[in-house]
Amino acid sequence: MRIIADRLELVGEYYFSKKLQEIEELGDPPVINLGMGNPDIPPPLGVSEALSVAVNQPMNHGYQPYRSSIELRKAIATWYKQNYAINLIPDSEILPIAGSKEGITQLSLALLNPRDEVLVPDPGYLTYTSAAHLAGAVPKPYDLTEKKGWFPDFDKIVSSGVENVKMMWVNYPHMPTGASGDKNVFQKLIEFGQEHNILICHDNPYSFISDTSKVSILSINGAKETSVELNSLSKSYNMAGWRVGMMVGRSDLIHAALQVKSNMDSGLFFPIQQAAIEALKTPTSWIINLNNTYSKRRKIVYKVLDSLGCNYIEHQAGLFVWAKIPVKYKNGDEFSDWLLEKHHIFVTPGSVFGKNGEGYVRVSLCANQETLHQVKERLA
Ligand SMILES: Cc1ncc(COP(=O)(O)O)c(C=O)c1O
């Protein structure tokens with residue numbers, strides 16, 4: 001008897017979980033890891049203080065309501081109103097979750113039946129595919145190409161057959177390519193969802209990073225009927241390890257996700273909820289400063305990529321630079337392996353995100369300027 005469930009055959013171990021082990025074993029000089037989008041700057045000042053005050057209260061250590069506190073849900077509603085001009089009902093249209101990643105799986109388990117099809121972006125975040133597999137559903141990659149600005153080709157999707165498609169994952173600002181979403185793109189996505197009866201699930205964790213437009217898919221007329229959105233404090237407030245995010249949208253979908261979530265975990269730790277409330281009040285000037293820091297880093301990364309003969313589009317949104325590798329390398333894997341073995345510098349090969357990422361690499365901006373200058377020196 002095989003002890004491991006069949007569904008894991010399709011999922012496999014997360015790419016970075018394996019790669020980090022390999023990187024650790026490489027020895028001196030220590031590898032400079034520009035592979036992961038793991039913010040290295042602390043959250044806004046008041047956030048840790050809010051956590052600390054709450055954690056020192058003896059009554060704050062117990063289980064929390066599955067939907068977390070109404071104060072947190074109200075803070076999320078205010079944040080959505082201020083930043084995206086969207087009205088949400090805290091009681092029924094908002095579910096605090098432990099991050100966008102967890103939300104992807106909860107939503108998939110809540111909505112997908114075995115053999116339902118799910119459109120997932122190629123290239124795109126791997127978890128959409130894994131979550132579909134875990135739900136017994138069938139991921140159906142749709143192409144994103146540089147030629148089309150990394151936006152879906154709806155005619156091509158329709159001609160591949162959408163009769164059994166129930167959900168479509170989209171993510172703008174897009175990881176890994178840095179393509180920005182605007183209202184036009186979201187309008188087309190919503191119309192596509194309405195026409196083909198497909199739920200558009202928008203994963204929006206990068207909307208504050210290197211992108212001043214801050215768009216939510218829910219701002220499109222009629223979007224609440226056809227879409228649901230995940231958002232997160234991981235990148236916007238550098239709280240990736242804290243695990244705080246939110247699912248927002250139609251109340252029946254939020255309720256279905258809660259049915260899954262309440263059987264898997266509980267509400268967020270109360271001091272983290274208090275810290276999240278504080279984070280959501282952060283003035284825009286803090287975000288502007290954060291983005292200025294990323295912008296300075298981005299310029300150094302451009303120089304590094306120039307010295308390596310890579311091409312890239314400027315003004316990408318999000319936490320990465322997505323670059324095309326020189327033609328002399330077979331693919332991004334060969335280029336990334338060469339960089340790792342020869343210079344002890346790690347960048348993520350684009351193929352990790354799908355076949356359309358093959359000729360590219362993704363470089364993270366989560367390293368300070370000093371480290372990025374070291375990268376330049378190693379390559380000199
Ligand atoms: C597209 C995308 N969605 C979701 C996540 C996960 O975000 P969170 O920390 O909120 O789970 C990431 C993080 O790497 C991501 O790139």
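The notes below deal with the structure included here. (Residues numbered from 1 in each chain as written. Predicted model: local features only at pLDDT ≥ 70, side-chain atom pairs only at ≥ 80, totals over all residues.)

Some details on the site of the ligand
Selection rule: Put plainly, near means the residue's C-beta atom, positioned from the backbone, lies within 6 Å of the molecule or strand in question. Charged means Asp, Glu, Lys or Arg here, nonpolar means Ala, Val, Leu, Ile, Met, Phe, Trp, Tyr, Cys or Pro, and polar covers whatever is left, Gly included.
Around the ligand there are 13 residues in total, and Gly99, Ser100, Lys101, Ser232 and Ser234 lie nearest to it. Split by residue class, the shell around the ligand holds four nonpolar, seven polar and two charged.

Section: the sheet that holds strand E6 (residues 199–203)
The test is simple: For two strands to pair, DSSP has to find at least two bridges joining them. Only runs of H or I of at least four residues qualify as helices and only runs of E of at least two qualify as strands under DSSP, and these elements are numbered from the N terminus. Here, axes are lines fitted to C-alpha atoms. For helices the fit covers the stretch in contact, and angles between N-to-C directions go from 0 to 180 degrees.
Reading across from one edge, E2-E8-E7-E6-E5-E3-E4 is the order of the seven strands in this open sheet, with mixed pairing throughout. Looking at strand neighbours, the two that pair on one side only are strand E2 (94–97) and strand E4 (138–143), the edges of this open sheet. Between one strand and the next, the sheet's axes are offset by a mean angle of 20 degrees, whatever the strand orientation. The sheet contact formed by strand E7 (residues 227–232) and strand E8 (residues 245–249) spans five bridges and is antiparallel.

Comments concerning helix H7 (residues 183–196)
Applicable threshold: Here the expected length of a helix is defined as 1.5 Å per residue gap, with one fewer gap than residues. Backbone-placed C-beta atoms define the burial measure: a residue is buried with 20 or more other C-beta atoms within 10 Å of its own, exposed with 12 or fewer, and partly exposed in between. Taken from the helix axis, the directions to the C-beta atoms give the arc we talk about. Contact definition: two residues whose C-beta atoms, as placed from backbone geometry, lie within 7 Å.
The end-to-end C-alpha distance of H7, which contains 14 residues, comes to 20 Å, matching closely the 20 Å that a straight helix rising 1.5 Å per residue would cover. Every buried residue belonging to H7 is among Val185, Phe186, Leu189, Ile190, Phe192 and Gly193, and all of these are buried. The buried residues of H7 all sit within an arc of 160 degrees when viewed along its axis, so they share a single face. Across from the buried face of H7, at angles greater than 90 degrees, the exposed residues are Asn184 and Glu195. As for H7, its buried residues are in contact with helix H6 (154–159), strand E5 (165–170), E6, helix H8 (223–226) and E7. Among the residues trailing H7, Asn197 stands out with phi positive, at a value near 60 degrees.

Considerations on unusual backbone geometry
Omega for the peptide link from Asp122 to Pro123 comes to 5 degrees, which places this bond in the cis form. In this model, Met175 is joined to Pro176 through a cis peptide bond whose omega is 15 degrees. Within the secondary structure layout, Pro176 lies in the loop between E5 and H7. Of note, the phi angle at Asn197 is positive, near 60 degrees, even though the residue is not glycine. Tracing the sequence through the fold places Asn197 in the loop between H7 and E6. A tally of 11 C-beta atoms within 10 Å means that Asn197 is categorised as exposed. We note that Arg243 has phi near 65 degrees; this positive angle belongs to a residue other than glycine. Looking at the element boundaries, Arg243 is found in the loop between E7 and E8.

Concerning the sheet that holds strand E9 (residues 311–312)
Read from one edge of the open sheet, four strands run E9-E10-E13-E12, paired in antiparallel fashion. At either margin of the open sheet sits one strand with a lone partner, and together these are E9 and strand E12 (348–349). With five bridges connecting them, strand E10 (residues 320–324) and strand E13 (residues 360–364) associate as antiparallel partners. The residue bridging Lys324 from the neighbouring strand is Tyr360, located in E13.

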